[in-house]
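Each chain is listed here by its residues.
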Amino acid sequence: MYFVERHVIKQNHTCWQEIDKLAFLSKNLYNYANYFCRQKFFETGQQYSLTGLYKLVKDGVDYRSLPTKVSKQIIRMLFKNWSSYFQALKAWSQNQSKFLGKPKPPGYKHKTKGRNILIYTHESVYKPPLKKGICHLSMSDIKIPTKQNQIVEVRITPQTNCYVLEVVYEQKIPELNKNEAVAGIDLGLNNLVALTSNQTGFRPILINGRPLKAANQFFNKQKAL
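Residues numbered from 1 in each chain as written. Predicted model: local features only at pLDDT ≥ 70, side-chain atom pairs only at ≥ 80, totals over all residues. Heavy atoms only, no water.

Re the side chain of T121
Part 1 of the reasoning: By the element assignment, T121 lies in strand β2 (residues 118–121).
Part 2 of the reasoning: The class of T121 is buried, set by a relative accessible area of 15%.
Part 3 of the reasoning: Ignoring sequence-local partners within four residues, the contact set of T121 consists of K69, Q73, V152 and E153. (Helix = DSSP H or I, 4+ residues; strand = E, 2+ residues; numbered from the N terminus. Buried < 20%, exposed > 50% of the residue type's maximum accessible area, 1.4 Å probe, protein only. Contact = heavy atoms within 4.5 Å.)

Quick word on a nonpolar patch on the surface
Part 1 of the reasoning: Residues L192, F202, I205, I207 and L212 make up a contiguous nonpolar surface patch of about 400 Å² in total accessible area.
Part 2 of the reasoning: Relative to the elements of secondary structure, L212 occurs in helix α6 (residues 210–224). (Patch = residues over 30% accessible without salt bridge, like charges linked within 9 Å, V, L, I, M, F, W, Y side chains within 5 Å. Areas by Shrake-Rupley, 256 points an atom, 1.4 Å probe, with all protein chains shown as cover. Salt bridge = Lys/Arg side-chain N within 4 Å of Asp/Glu carboxyl O.)

A few points about the environment of R64
Part 1 of the reasoning: When you line up the elements, R64 lands in helix α3 (residues 61–64).
Part 2 of the reasoning: Judged by its relative accessible area of 59%, R64 is exposed.
Part 3 of the reasoning: Setting aside residues up to four positions removed in sequence, R64 forms contacts with K58 and D59.

Some thoughts on the confidence of the model for the chain
Part 1 of the reasoning: Model confidence for the chain is summarised by a mean pLDDT of 92, while 99% of its residues fall at 70 or above.
Part 2 of the reasoning: Confidence, expressed as mean pLDDT per element, reaches its minimum in the chain at α6 with 83 and its maximum at helix α1 (residues 16–44) with 97. (pLDDT = per-residue confidence, 0-100.)

Structural notes on the packing of α1 against helix α4 (residues 68–94)
Part 1 of the reasoning: Close contact between α1 and α4 brings their axes to 10 Å; oriented N to C, the two are set at 40 degrees. The angle between α1 and α4 falls in the class oblique. Handedness of the crossing formed by α1 with α4: right-handed. In contact with S26, L29, Y30, A33, N34, C37, R38 and F41 of α1, α4 contributes S71, I74, I75, L78, N81, W82, Y85 and F86. (Axes fitted to C-alpha atoms, helices over the stretch in contact; angles between N-to-C directions. Parallel < 35°, antiparallel > 145°, perpendicular 65-115°, else oblique. Left-handed = near helix turned anticlockwise from the far one by under 90°.)

A few points about the sheet that holds strand β9 (residues 205–208)
Part 1 of the reasoning: With antiparallel pairing, three strands are arranged side by side in an open sheet as β7-β8-β9. The sheet terminates laterally at β7 (183–187) and β9, the two strands that pair on one side only. Within the sheet, the average angular offset between the axes of one strand and its neighbour, ignoring direction, is 10 degrees.
Part 2 of the reasoning: Pairing analysis gives four bridges linking strand β8 (residues 191–197) to β9, with the strands arranged antiparallel. Each residue of the ladder has a partner; that of A194, found in β9, is L206. (Pairing = 2+ DSSP bridges.)

Describing the pairing of strand β6 (residues 163–170)
Part 1 of the reasoning: For β6, the buried fraction is high: seven of the eight residues fall into the buried class.
Part 2 of the reasoning: Here strand β1 (residues 2–9) runs beside β6; their pairing, made up of eight bridges, is antiparallel. Note that in β6 the partner of F3 across the bridge is Y169.
Part 3 of the reasoning: Pairing of strand β5 (residues 151–158) with β6, which is carried by seven bridges, proceeds in the antiparallel orientation. Considered in β6, the bridge of I151 is made with Y169.
Part 4 of the reasoning: From the end of β5 to the start of β6, which pair antiparallel, there are four residues.

What about the side chain of E5?
Part 1 of the reasoning: Tracing the backbone shows E5 in strand β1.
Part 2 of the reasoning: K147 is the oppositely charged side chain nearest to the buried, salt-bridge-free E5, at an N-O distance of 6.9 Å.
Part 3 of the reasoning: Of note is the side chain of E5, whose polar atom sits 3.2 Å from the side chain of Q148.
Part 4 of the reasoning: For E5, the contacting residues outside a window of four places in its chain are P145, T146, K147, Q148, L165, E166, V167 and Y169. (Lys, Arg positive; Asp, Glu negative; His and termini not counted. Polar contact = N/O pair within 3.5 Å; in protein donor to acceptor, adjacent residues only side chain to side chain.)

Notes on the pattern of salt bridges
Part 1 of the reasoning: Across all of its chains, the model carries six salt bridges by this definition.
Part 2 of the reasoning: Ionic pairing is found between E166 and R6, a salt bridge with its closest N-O pair at 3.7 Å. With E166 in strand β6 and R6 in strand β1, the pair connects residues that are 160 residues apart, well separated along the chain.
Part 3 of the reasoning: Take E166: its relative accessible area is 16%, and that puts it in the buried class.
Part 4 of the reasoning: The class of R6 is exposed, set by a relative accessible area of 52%.
Part 5 of the reasoning: In this structure, the salt-bridge partner of E153 is R155, at a minimum N-O distance of 3.1 Å.
Part 6 of the reasoning: On the accessibility criterion, E153 (19% relative accessible area) is buried.
Part 7 of the reasoning: Put simply, R6, E153, R155 and E166 are held in one network by salt bridges that share partners.

Structure follows, in structure tokens:
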């Protein structure tokens, strides 16, 4: 099973400047590749194949400004965005009532303010530092402490005032003993608690959260007056 270890990188973090620079370069590559995709679509109404898109951009400065494996992930992401757009366009043509308007093709990210996600596969994480509890990303000085050693990938996602670095790792879930007592709890809003168990004779419990939700809304309204 996959899990995520999250790290919030704010402007005072030692890795902020480099991550911001790489996210900017990621944006450049995304826009560069998207230019070819948009031209292809407006001229022919079709989409580039993933291989065809690679061939168009692999020798460009924007592609080579990042580690090759990271650049490939950006191109794959753009390809998926266009594939999703064509699927949405097809669904729209079949039933427009399900949409607020005609789907728009993937646009460009802002030239100066735009930033784009960075994805480092496990092959782009240095192994020796990982044994010492450090996630060191390929061809960079980005080093983040981690408790994980079975890393699948590392995602760096730009947010409004920070970056969220997610270490995706795999961990095996131990098999439960058939005689072991287990309870499952699902917390929510309208249903505050849903509780069940594997024990014979246990009656599942469902607690209505609406009264508590209404009381909270009333309190907030009174406080706002």
